[in-house]
Amino acid sequence: MTYVSSDRASRPTRRTALAGLVGGAGAVLAAGCTPSGASAPAASRTASVSAPADDPTPGVMTLFKDPAFNFNGLLALGGSGYGAGEVGEVLTAVNTINKAGLSAQTYTETFKKLGDRLMEAPQGSKPGTQTTRFRALRAAQYYGQALFFVLGSDDPGSEEQLYKAGRGAWDRFCELCDPAPVTANVPYEKTPLPVWLFRPDASGVRRPTVILTNGSDGQNVDMWTYGVSAALERGWNALVYDGPGQGQLLFVDQVVFTPHWETVVTPLVDWLAARSDVDMGKIALTGLSMAGDLAPRAAAFENRIAALVTMPGVLMPWLGFPPEIRKILTPDKEETNNIWNKEVVPALPPAAAATMKKRIEPFSVPAMRDAREGKMFTDFYTPAKLIESLDITNVVGRIKMPTLVLDYDYEQFYPGQPRRLFDKLTAPKDYVKLTTATGAQLHCSPMAPQQHCEVVFDWLQEKLTGR
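Structural notes, computed from the coordinates. This is a predicted model, so every value here is computed, not measured. (Residues numbered from 1 in each chain as written. Predicted model: local features only at pLDDT ≥ 70, side-chain atom pairs only at ≥ 80, totals over all residues. Heavy atoms only, no water.)

## Here we look at helix H15 (residues 381-388)
Reasoning step 1: Within H15, the full set of buried residues consists of Tyr381, Pro383, Ala384, Leu386 and Ile387.
Reasoning step 2: Looking at the buried positions of H15, the neighbouring elements they touch are helix H12 (333-344) and helix H13 (350-360). (Buried < 20%, exposed > 50% of the residue type's maximum accessible area, 1.4 Å probe, protein only. Helix = DSSP H or I, 4+ residues; strand = E, 2+ residues; numbered from the N terminus. Contact = heavy atoms within 4.5 Å.)

Below is the structure:
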């Protein structure tokens, strides 16, 4: 890893709009995966441990030839280190999918069946509590894998049902934890936020607490892998929640993202403040994936946050979309939607269409409803403007607490943005780049979540507990 410390475009034609989608940007949209043969990231001012290889997923790291499916498969495989997956189960599923022919249908079907099987009693003797618990955790992972691609499957209308299956597995896992996490519904506008507060024990001792913020398409099980387990091992509390555009609020309540994430985090901090087992002087906030934009936004306005971690640092989520997509957006809503509906949509390949449905649904309820009916949304302008409004460039200077900015070799969604966010910070700050030298490349280090958590929690403990 690398460590540094310091105290509108013109109207596109159909050809230009589609060039990136047909040529590989569809895969980038789906999971942020750099198409095969893409160039290595631009060099930063700080030398890396080793120069990135030409192939971001060499050898056995390539589970699927399609980079979007491969990235998601690697996340499932990486979760095995924290019990949120099983190497043999994942690789067997990979073999099954490849044998059947890789598609959204085969991927969704295979991982859903695996989740269903794990929610049933295993063969042989009656399962113990821990067996049932961790089978449910793995099931939550596999349902999440299926959920990611369900809109491109033969049954997109099953999306909510599939989410609920994964949520049921997660809740079953939580019920069997010892102690079980404290659950609540924290008031937020018209739709409360479901929360799960994990504690190392039920002693009531005041402890440092980390608020774990998910991205635009993650599930609760990802927070176990990217923070909860590591926090508990170190004697920390960990708060998991669904915000607007995430989990229950998206798939059931149909509430999309807000650019004002401080209105989400402040009620969570208020809720923690009312508890006797939380050290209010040691509240940390992390943001994974697109939440590398959301968490800094909240921290810029919520001064009770004592430390902030962005994973990676993100200034402008809109730049996570290929330029071919961004060029569709013009200042005029009617013109934009005419380009989308008359020039772009009719020529979209099925895989690219499914990709767009998935990427846009957290920002548009009509788009989500259309996708569940197997239709393409017709209003591109409104969700695109919402994504554009997530730009935090002008508020980063308000952040006052110590901040850790993570970056990754082959960062696919937001290349260059972590360093730009780091440079704009005026608060005490550190920058860490996870690299190919230890298999921690790609967005959020899917193959190395344990390394990821080691970096984050070593830094948090140093900043907030002096250890």
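## A word on the environment of phenylalanine 380
Reasoning step 1: Assignment of secondary structure puts phenylalanine 380 in the loop between helix H14 (365-372) and H15.
Reasoning step 2: Overall, the relative accessible area of 1% leaves phenylalanine 380 in the buried class.
Reasoning step 3: For the pair formed by phenylalanine 380 and asparagine 341, sequence separation is 39 residues and the distance between their alpha carbons is 8.6 Å.
Reasoning step 4: Excluding residues that lie within four positions of it along the chain, phenylalanine 380 makes contacts with Trp318, Ile325, Ile328, Leu329, Thr336, Asn337, Trp340 and Met356.

## A few points about the nonpolar core
One recurring pattern in soluble globular proteins: nonpolar side chains tend to sit buried together.
Reasoning step 1: Counting 77 residues, the largest nonpolar core has Trp170, Phe198, Val210, Trp224, Leu406 and Leu460 as its most contacted members.
Reasoning step 2: Per element, the largest residue contribution to this core is ten residues, and it comes from helix H5 (residues 129-149).
Reasoning step 3: Apart from the residues lying within four places of it in its own chain, the contact partners of valine 210 are Ala231, Trp236, Asn237, Ala238, Leu239, Ala284, Thr286, Phe457 and Leu460.
Reasoning step 4: Residues Leu308, Trp318, Ile360 and Phe363 belong to the second largest nonpolar core, which totals 67 residues. (Core = buried A, V, L, I, M, F, W, Y, C linked by side-chain atoms within 4.5 Å.)

## Regarding empty space enclosed by the protein
Reasoning step 1: Size it by volume and the largest cavity reaches roughly 300 Å³.
Reasoning step 2: As for the largest cavity, its lining consists of 23 residues, of which Asn72, Leu75, Asp217, Gly218 and Asp222 are closest to the centre.
Reasoning step 3: Residue assignment for the lining of the largest cavity shows that the elements contributing at least two residues are helix H1 (14-31), helix H2 (67-78), H5 and helix H7 (220-233).
Reasoning step 4: A per-element tally of the lining of the largest cavity places H5 first, with four residues.
Reasoning step 5: Residue classes in the lining of the largest cavity are distributed as ten nonpolar, eleven polar and two charged.
Reasoning step 6: Taken as a whole, the second largest cavity holds about 100 Å³ of empty space.
Reasoning step 7: Elements with a minimum of two residues in the lining of the second largest cavity: H5, helix H6 (159-175) and H7.
Reasoning step 8: Among the elements that make up the lining of the second largest cavity, the one with the highest residue count is H6 (five residues). (1 Å grid on protein atoms, 1.4 Å probe; cavity = no way out; pocket = protein on both sides within 12 Å on 5 of 7 lines; lining within 4 Å. Points joined across faces, edges and corners; volume = space filled by probe spheres on them. Nonpolar A, V, L, I, M, F, W, Y, C, P; charged D, E, K, R; others polar.)

Remember, this is a structural readout, not a statement about activity or role.
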